[in-house]
Amino acid sequence: MNTFILKIFRLTLIICIGITYSSCNNDDDSGNDPGEPVVDPITIDNPIVGETGKIVTLNPDKVTEGYILINDITNARVYLMDKLDAKIKYEWTLTSRLGNDVVLLDDGKLLASLKDPDAVYNIGGYGGKIQLINPDSSIDWEYTYSDDKHLAHHDIELLPNGNILVMAWKIRTITEAEQAGYDLSNPNDLLMPESIVEINPQTDEIVWEWDSWDHLIQDHDATKDNFGDISQNPQLIDINYHYDDRGDIMHANGMDYDPATDLIYLSINFYSEIWVIDHSTTTAEAATHTSGNYNKGGDLVYRFGNPTTYKNTVGARLFYNNHFPNILLENEIGAGNVLMYMNGNIPGNEQSSVYELKLPQTLALNPNQNNEPEIIWGFTNSELYSPLVSGAVRLANGNTLITQGSFGFWEVNENKEVVWKFDADSSLHWRGYHYDYDSPGVTNLNL
């Protein structure tokens, strides 16, 4: 929006709608409390109604102009919406329902996780089909990772080398589970622990794999595999920490890759924490406990959010269900930090928060020590709560775009002012990604 149009827009707002301001106390400068916004937003008495919802809060001086790529789960749609008028500027036709994550790449293609209509397992967040979709909605490439032994789900990630990381359940029989030390008093027909595969779209080959099954520990049965002292082995995963009657005992739901460190960050919803995994290993090394850049093999290089998962009594629990570990890259404000959406599913005290976390300079997991990262910045609000999905991304001016999956979107600045808010009319949104008007992906759509 040019300066003249912006001035007219602001004048129209002043004349036609009510504007309210009020102030409240600043949060502690340390940022350790997400806190309420320090300034109440400009609230629109007559919301700007778009095609899929309405803008209910707008501060045109502080909002970041651009588009949001919206992953609309409810209506199985993916589209670009202009943040200033809530109008859809571009939409793709999909061949299947969303398997959740869809992103716009620099070449104008979509990288999409979609649902396999023939999937054997119907578990929340399942996908099974990965596509590269051209701007005209034709399919450039497709790969199905869905059968009775594997099922891709939730999230995918394009690597700098052009390969694609895919999060997947790897099915284990109850006999395998018992031998691994799973507590059979939690009855299941099978288990669905997590794995990650790397696919080369040029050859359709799986060129790397990590399997959580190779990195388990349990203190339930000394006659079975993986028996040990959980508190003394924080690099390993307690197979009995969470019970789910569908066999989905971990429920990973988000993934990001840090090119600066060659690490993968995996959000584990049922453990309320993030697992950090070394991608520098070979597949064979990823099944071991040594080698790789961090000499951990496929063991957890780091984990954070909920120290109770490895029976650590030191360090405060931060997450109660979580989504989207978003690594801030070198060209983003807060580079090296991690943005997290904490769903906040605490009975009687349900409220979500967004955190920006500073990781330790040297990633380490030490028994009986505080291994949790430092909270640099946070945001919450009495109206911010989504029990599922959701996420946050950092914008170029330092603002943060928050997807409140069960409501819509917020944009807040570093002072925790709400500068834009969009009510999505009861649709459920996986995530929203911001794109500047002149970003490469948008430019290649020829809008």
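Everything below is about the structure shown above.
Since the model is a prediction, treat every value here as computed from it, not as a measurement.

The next subject is the overall build of the chain. Helix and strand counts for the chain come out as four helices and 30 strands. Relative to the globule expectation of 22 Å for 447 residues, the C-alpha radius of gyration of the chain, 22 Å, shows essentially globular dimensions. Seen through its C-alpha atoms, the chain measures out along the principal axes to roughly 75 × 50 × 40 Å. Looking at the 447 residues of the chain, the share that counts as buried comes to 58%. For the chain, the share of sequence-separated contacts (at least 6 apart) that also reach a separation of at least 24 residues comes to 56%. Positive and negative charge centroids in the chain, built from 26 and 66 side chains respectively, lie 4 Å apart.

Another aspect to go through is the layout of surface pockets. Approximately 1,200 Å³ is the volume attributed to the largest pocket. Considering the residues around the largest pocket, the lining is formed by 36 residues, among which Leu-329, Glu-332, Tyr-433, His-434 and Tyr-435 are closest to the centre. Going through the elements one at a time, strand E6 (98–104), strand E10 (150–158), strand E18 (252–258), strand E22 (322–327), strand E26 (391–394), strand E30 (429–435) and helix H4 (440–443) are the ones with two or more residues in the lining of the largest pocket.

Backbone hydrogen bonds hold the strands of a sheet together, and the pairing may be parallel or antiparallel. The antiparallel open sheet is built from four strands, whose spatial order is E6-E7-E8-E9. If you trace the sheet from one side to the other, it starts and ends with E6 and strand E9 (139–144), each paired once. Each strand axis lies, on average, 15° off the axis of its neighbour in the sheet, ignoring direction. Examined bridge by bridge, E6 and strand E7 (residues 110–115) share four bridges and lie antiparallel to one another. Within E7, the residue paired with Leu-104 across the bridge is Leu-110.

This paragraph deals with the sheet that holds E18. The strand order across the open sheet built from four strands is E18-E19-E20-E21, with neighbouring strands paired in antiparallel fashion. Single-partner strands in this sheet number two, and they are E18 and strand E21 (302–304). Sheet twist, expressed as the average angle between the axes of neighbouring strands with direction ignored, equals 20°. Looking at chain direction, strand E19 (residues 263–268) and strand E20 (residues 273–278) are connected through six bridges and run antiparallel. Paired with Ile-268 across the strands is Glu-273, a residue of E20.

So, on to the packing of aromatic side chains. How two aromatic rings sit relative to each other is given by the distance of their centres and the angle of their planes. With the rule as written, the count across this model stands at 11 aromatic pairs. Aromatic side chains Trp-141 and Tyr-143 sit 6.1 Å apart centroid to centroid with 20° between the ring planes, which places their arrangement in the stacked category. Of the two residues, Trp-141 and Tyr-143, neither departs from the other in class, the shared state being buried. Of the aromatic side chains, those joined through ring pairs into one cluster are Tyr-241, Tyr-271 and Trp-275. Between the NZ or CZ atom of Lys-115 and the centre of the ring of Tyr-126, over which it lies, the distance is 4.0 Å. Stacked on the ring of Trp-410, the Lys or Arg Lys-421 has its end atom at 4.0 Å from the ring centre.

Structurally, Leu-98 is set in strand E6. Classification of Leu-98 as buried rests on a relative accessible area of 3%. When the C-alpha positions of Leu-98 and Ser-113 are compared, they lie 6.4 Å apart, and in sequence the two are 15 residues distant. Excluding its chain neighbours within four sequence positions, the residues that come into contact with Leu-98 are Asn-71, Asp-72, Ile-73, Ala-76, Arg-77, Val-78, Ser-113, Leu-114 and Lys-115.

The subject of this paragraph is the nonpolar core. Leu-69, Leu-80, Trp-92, Leu-104 and Trp-420 are the most contacted members of the largest nonpolar core, which totals 52 residues. The residues touching Trp-420, leaving out its near neighbours within four places in the chain, are Ile-55, Thr-57, Leu-58, Val-63, Ile-68, Met-81, Lys-83, Leu-401, Phe-409, Trp-410 and Glu-411. Residues Ile-239, Ile-327, Val-338 and Ile-375 belong to the second largest nonpolar core, which totals 51 residues.

Further remarks concern the pattern of salt bridges. A complete count under the given rule lists 21 salt bridges for this structure. Taking the shortest distance from any N to any O, the salt bridge between Lys-224 and Asp-221 comes out at 3.4 Å. The residue Arg-303 makes a salt bridge to Glu-273 at a minimum N-O spacing of 2.7 Å. Here Arg-303, found in strand E21, pairs with Glu-273, found in strand E20; they are 30 residues apart in sequence, far enough to count as distant. Accessibility expressed as a relative area gives 0% for Arg-303, which makes it buried.

About the thresholds
- Residues numbered from 1 in each chain as written.
- Predicted model: local features only at pLDDT ≥ 70, side-chain atom pairs only at ≥ 80, totals over all residues.
- Heavy atoms only, no water.
- Helix = DSSP H or I, 4+ residues; strand = E, 2+ residues; numbered from the N terminus.
- Rg over C-alpha atoms; globule rule 2.2 N^0.38 Å.
- Buried < 20%, exposed > 50% of the residue type's maximum accessible area, 1.4 Å probe, protein only.
- Contact = heavy atoms within 4.5 Å.
- Lys, Arg positive; Asp, Glu negative; His and termini not counted.
- Charge placed at Lys NZ, Arg CZ, Asp CG, Glu CD.
- 1 Å grid on protein atoms, 1.4 Å probe; cavity = no way out; pocket = protein on both sides within 12 Å on 5 of 7 lines; lining within 4 Å.
- Points joined across faces, edges and corners; volume = space filled by probe spheres on them.
- Pairing = 2+ DSSP bridges.
- Axes fitted to C-alpha atoms, helices over the stretch in contact; angles between N-to-C directions.
- Phe/Tyr/Trp six-rings, centres within 6.5 Å; stacked < 30°, edge-to-face > 60°.
- Lys NZ or Arg CZ within 6 Å of the ring centre and 35° of its normal.
- Core = buried A, V, L, I, M, F, W, Y, C linked by side-chain atoms within 4.5 Å.
- Salt bridge = Lys/Arg side-chain N within 4 Å of Asp/Glu carboxyl O.

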